[in-house]
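# Structural description and commentary
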Amino acid sequence: MRKTKVVLMAAVCLGAATCIALVPLALAQTDHDNNVLVIEGGRILSITSPPIEHGVLVIKGGKIIAVGEQGKLQIPAGATVKDVTGKIVMPGIVDSHSHIGIDPNPTVSDSQDANEGSGPIQPALRALDAIDPADPNIRMATAGGITTANIMPGSGNVMGGQTAYVKLRGTTIEQMLIPGTIGGMKMANGTNPKGYGSRGQAPMTRMEEAALARGIYEKAQDYKAKWDAYNKAVSAGDKTAKAPDRDLGLDAVVQILEGKRIVHNHTHRADDVMTVVRLADEFHYRVVVHHGTESCLVADELAKRHIGVTFTMIDAPGGKPETINFSISCPARLEKAGVKVAFNTDDPITNSRLLLRSAALAVRGGMSEDAAIKGLTIYPAEMLDLQSRVGSLEPGKDADFLVLSGAPLSVYTKVLETWIEGEKVFDRSNPVDLRYATGGFNVISRYPQLQGGGQ
Amino acid sequence: MKPSSLLVAMALTVALPAHAQSFAITADHLYTMDAGPQGGPGMVLIRDGKIEDVQTGAGVTVPNGYQAIHGLYVTPGLIDTYTSTGISGAYNIPADQDQDESTDPNTADVNVRDSLNPEDKLYQYVNAYGVTTMQVTPGPRNPIAGSAGIFKTAGPDSPFRTVDQLAVRLNSAMVFNLGDTPKETYGSNHKAPVTRMKTAEMIREALLQARQYQEKWDRWKEEKGDPGKRPALDMKLAALAGVVSGKTPAIFNVYRADDIDTAIRIGTEFHLKYMLASVTEGYLIRDKIRQAGVPCLVGAIMQPFENLQTSNATYENAALLQQAGIPIAIMTGYVGYVPKSRVLLFETAIAAANGLGTEPALRAITISAAKILGIDDRTGSLAKGKDADIVVFDGDPFEYTSHVQQVLVQGEVTYQRGGR
């Protein structure tokens, strides 16, 4: 990093394609500002506009205030300028399906809190009450370039609980939660919730899973009707109106019916995907298909409803019967049908350090590179209702970005730095951070004696 | 993919009787993994399932009578030195799980040969990612797990490939498991082993008995074998006798550094010919591994953190071990859940990009692997007279976005891109 003295540039953008935003008033009106960070010289992948070969990213107060071509934006004196010439700058990755913090590392039963196996319908549960911000998996995720995550309960229940939309920073869950968000709702069908069947409990079949799901939505509709009637009476001046009993779980389900809370539905087989679609059609709620191993078989049904798929890229078929038809070409087939595809880690199923790799394997399977990169950024942001904050490098959005050593989808590329809201949370040149990228962070104190490797 | 489209693809690629076909594979970047510089242009000629000739340098000419195949990158068929693919099926239901006979901590008498199912989806899946030879090993649960075998991933063109047709070598090694898994398997039922101490003791006791058993038989043979005095047959001890006499290599599947140390202790005590598998914390104890002269089959590093013993896994392990002068190969091992198998090419790519480098990484899954398994007379490099086990790529073999174009096993195209 270096501090500029005075770098005055004409704030005139000649080519619209290479200048995403005019310098905002706040910046243009002052010629001196010590609180501005400038990332310049790198190839900027803004996602929502064409790449800029030698770009400038201007950041203030944790937000992006300008993005443009190097030499064409006015940079205030006193700004901290970081030269990343030869590197790639892209938005922080949005992981739309993760269990970091709730299934911490190492995987030992005492700390596994994703699946409340005491009953299949658990809308009152909140993932945020079980997330350990000290889980090393969270630092490993930042080493892989993830800045935003949807941390979810597991797939052992038909309705597993409320998910948490977080930034990967901070020492408390309150610091991690994205202000103003309430999270989504985890649902699951197919094999996993049938685990109750082996104990002689419901659900034992897919039929019962669907019936249980339908049951909770019916109940929530009824609950909502009672509250609507009560609120109507109160606003009409009825002082005798009696409030219905509050129900923590139904409150959350009503938010689904009202469109405020998105359902994140674990599902693999094509017929299970269609059960997800059927329920969403019936109760008019917003849903994202998660995993979607066979979703490409019903791609047209998803496309016409504008239902997106967040795909978990595993390395081989099987592990359970419903993933036996896994193929790396599924995302490409969804893309062709017009379905928006995101990629998720499902950490610990795939490691959070390798989410770029998931998109790369989709390209191996025939997907366009453009759609694959969008599947790491703006599409998952949309699936979490966070597209106004994250998922692209645009003025007004959070300054969540990565500095990469090379092309995003190459095995040889390293995430060099990860930034969240203008703060650096991962730096590969830091020896401790490096061990979160490669491994061995528990033995870091002994690591300096070991020679070689990695660098 | 539909079976019919596979049949069509196979029909297109193997239109002639398979054994009659001769191929000339030209490459922009030929990695023979034999002596000499790697990665230059060249050509491999194939006839009757064997490599007939290898020519390096620009300006090679495809001779008459050979079907030409061109690839940007061409390498020897890949060798997975330790995997449960073939005995631990894709569905992961009791019907197709045949890797762990966890009814007895000592199952030295079992043999992967009797579980192998070449029709399993994963068997063909790994072939499509370039694996032409693999050592199939019992699962991780038993301290003494049974006999491994080395097999081709595809065989003679017939509707069903028998184990014997696929076998490169049966009884290639005896597998011993240390660490968390055996004690978790039996300890939870209050059966031995409950602790690491017991796991080590059970192995030492069995090896000691096997040595005595071998001595008894040797004595009987020396005394001209009076049938009335013939020692009683014991299948477990007979299998382990091969290990203590050094005929059969032992493989210790180990993760934590102290377990690696235990393996070296037992290997030294019984003068075993042995190697280490998985070796997750090998980098922490690499000086000792080098001093012991033990080859390492380095475990799949993209495995999830399944338990405590893998929590110090590092992408740099293979590089650190190799740089310490330890002979290494890379393996995929056993996977208990989704995905049910790791892809050797993908695991090795992570090692390549984390300190090992492209050529040493390729070496670790071809010629080094063949030498460690003792099958380098047949495979592991592109050299005259060896099996025509070859992989053709359209880019850097380790790049995520490259594709395997063709795989040949013993001169037959067993995978053709676009065919599946």
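Note that residues are indexed from 1 along each chain, following the sequence as it is written. All chains are assigned letters beginning at A, and all ligands numbers beginning at 1, according to the order in which they are written. Selection of residues for local features in this predicted model requires a pLDDT of at least 70, selection of side-chain atom pairs for listing and counting requires 80 or more, and totals for whole chains, interfaces and linings are taken over all residues. Hydrogens are left out, water is left out, and the side-chain values use all remaining heavy atoms of the structure.

### Here's the deal with the overall build of chain A
When you go through chain A residue by residue, the secondary structure sums to twelve helices and 19 strands. Here chain A has a C-alpha radius of gyration of 23 Å; the compact-globule value for 455 residues is 23 Å, and the two agree. Seen along its three principal axes, the alpha-carbon backbone of chain A occupies a region of about 70 × 65 × 45 Å. A buried classification covers 59% of the 455 residues belonging to chain A. Contact between two residues is taken to exist if any of their heavy atoms lie within 4.5 Å; hydrogens are not considered. Across chain A, the fraction of contacts at a sequence separation of at least 24, relative to all contacts at a separation of at least 6, is 69%. As displayed, chain A offers around 17300 Å² of accessible surface, 53% of which is attributable to carbon and sulfur atoms. The sign given to each residue is positive for Lys and Arg and negative for Asp and Glu; His and the chain ends receive no count. In plain terms, the charge of a residue is placed at NZ if it is Lys, CZ if Arg, CG if Asp and CD if Glu. Computed over 47 positive and 49 negative side-chain charges, the separation of the two mean positions in chain A equals 2 Å. The secondary structure listing takes helices from DSSP runs of H or I that are at least 4 residues long and strands from runs of E that are at least 2 residues long, numbered from the N terminus. With the radius of gyration taken over C-alpha atoms, the globule rule is written as 2.2 Å times the number of residues to the power 0.38. When accessible area is computed with a 1.4 Å probe and restricted to protein chains, residues below 20% of their type maximum are described as buried, those above 50% as exposed, and intermediate ones as partly exposed. Areas reported as accessible are Shrake-Rupley estimates using a 1.4 Å probe. Residue values count occlusion only from the protein chains shown.

### Thoughts on the interface of chain A and chain B
With 49 residues of chain A at the contact, the number on the chain B side is 49 residues. Both faces combined, the contact of chain A with chain B buries some 4300 Å², and carbon together with sulfur accounts for 57% of it. When two components associate, each loses some accessible surface as probed by a 1.4 Å sphere; the sum of these losses over both components is called the buried area. If you sort the residues of chain A by the area they bury against chain B, Arg364(A), Val411(A) and Tyr412(A) come out on top, with a joint share of 18%. The salt bridge criterion pairs a side-chain nitrogen of Lys or Arg with a carboxyl oxygen of Asp or Glu, the two atoms within 4 Å. There are two salt bridges connecting chain A and chain B. Of the charged contacts, one joins Glu316(B) and Arg435(A) as a salt bridge, the two residues approaching to 2.9 Å between their closest N and O atoms. Those elements that provide at least two residues to the side of chain A that touches chain B are helix H9 (355-364) and helix H12 (431-438) of chain A. If you tally residues by element for the side of chain A that touches chain B, the top one is H9(A), at five residues. Amino acid classes used here: Ala, Val, Leu, Ile, Met, Phe, Trp, Tyr, Cys and Pro are nonpolar; Asp, Glu, Lys and Arg are charged; the rest, including Gly, are polar. Of the residues in the side of chain A that touches chain B, the class split is 22 nonpolar, 18 polar and nine charged.

### Topic: the confidence of the model for chain B
Residue and element names in this part refer to chain B. Chain-level pLDDT for chain B is 93 on average; 93% of the residues reach the 70-or-more range. One number per residue, pLDDT, summarises how confident the predictor is, and it ranges from 0 to 100. The model gives residues 1-19 a pLDDT under 50, and that stretch makes 17 contacts with residues more than four places away or in other chains. Of the two predicted TM-score estimates for the complex, the pTM is 0.93 and the ipTM is 0.93.

### Looking at unusual backbone geometry
In this structure, Pro106(A) follows Asn105(A) across a cis peptide bond, with omega equal to 0°. Relative to the elements of secondary structure, Pro106(A) occurs in the loop between strand S8 (93-98) and helix H2 (136-143). Omega for the peptide link from Ala192(B) to Pro193(B) comes to 0°, which places this bond in the cis form. Within the fold, Pro193(B) resides in the loop between helix H4 (180-187) and helix H5 (196-222). Residues other than glycine seldom take positive phi values, yet Ile47(A) does so here, at roughly 80°. Looking at where Ile47(A) falls in the secondary structure, it is placed in the loop between strand S3 (43-44) and strand S4 (55-60). A positive phi angle is found at Ser278(B), which is not glycine, with a value near 70°. For Ser278(B), the position within the fold is in strand S10 (residues 274-278).

### Looking at a negative patch on the surface
All names here are of chain B. Candidate patch residues must exceed 30% relative accessible area and have no salt bridge, after which like charges are joined if within 9 Å and Val, Leu, Ile, Met, Phe, Trp or Tyr side chains if within 5 Å. A contiguous patch of negative charge on the surface is contributed by Glu215, Asp218, Glu222 and Glu223. Summarising the element assignment, glutamate 223 is placed in the loop between H5 and helix H6 (235-244). With a relative accessible area of 56%, glutamate 223 lands in the exposed category.

### Concerning the confidence of the model for chain A
Residues and elements named next belong to chain A. Per-residue confidence for chain A gives a mean pLDDT of 92, with 91% of residues at or over 70. Note on residues 1-26: pLDDT under 50 across the span, and 55 contacts to partners over four residues away in sequence or across chains. Between residues 451-455, whose pLDDT stays under 50, and residues either more than four places distant or in other chains, the model counts 13 contacts.

### Topic: the domain arrangement of chain B
Residues and elements named next belong to chain B. According to the domain assignment, chain B consists of domain 1 (6-77 + 381-416) and domain 2 (78-178 + 245-373). Note that the domain bounds reflect an automated or database-derived domain assignment. Taking only C-alpha atoms into account, the centre of domain 1 sits 26 Å from that of domain 2. The interface is formed by 25 residues belonging to domain 1 together with 27 residues belonging to domain 2. Summing both partners gives a buried area of about 2000 Å² for domain 1 against domain 2, and 67% of it is carried by carbon and sulfur. Looking only at domain 1, the three residues that lose the most surface to domain 2 are Met33, Gly77 and Phe398, adding up to 34% of its buried area. Joining domain 1 to domain 2, the criterion identifies two salt bridges. Of the charged contacts in the structure, one is a salt bridge between aspartate 389 and lysine 152, with a shortest N-O distance of 2.5 Å. Definition of a polar contact: a pair of N or O atoms within 3.5 Å, with one able to donate and the other able to accept a hydrogen when the atoms are protein atoms, and with sequence-neighbouring residues admitted only if both atoms are side-chain atoms. Counting the contacts that link domain 1 with domain 2 gives four residue pairs in polar contact (both at pLDDT 80 or more). At the level of secondary structure, the elements contributing two or more residues to the side of domain 1 that touches domain 2 comprise strand S4 (67-76), strand S13 (390-393), strand S14 (404-409) and strand S15 (412-416). No other element matches the four residues that S14 contributes to the side of domain 1 that touches domain 2.

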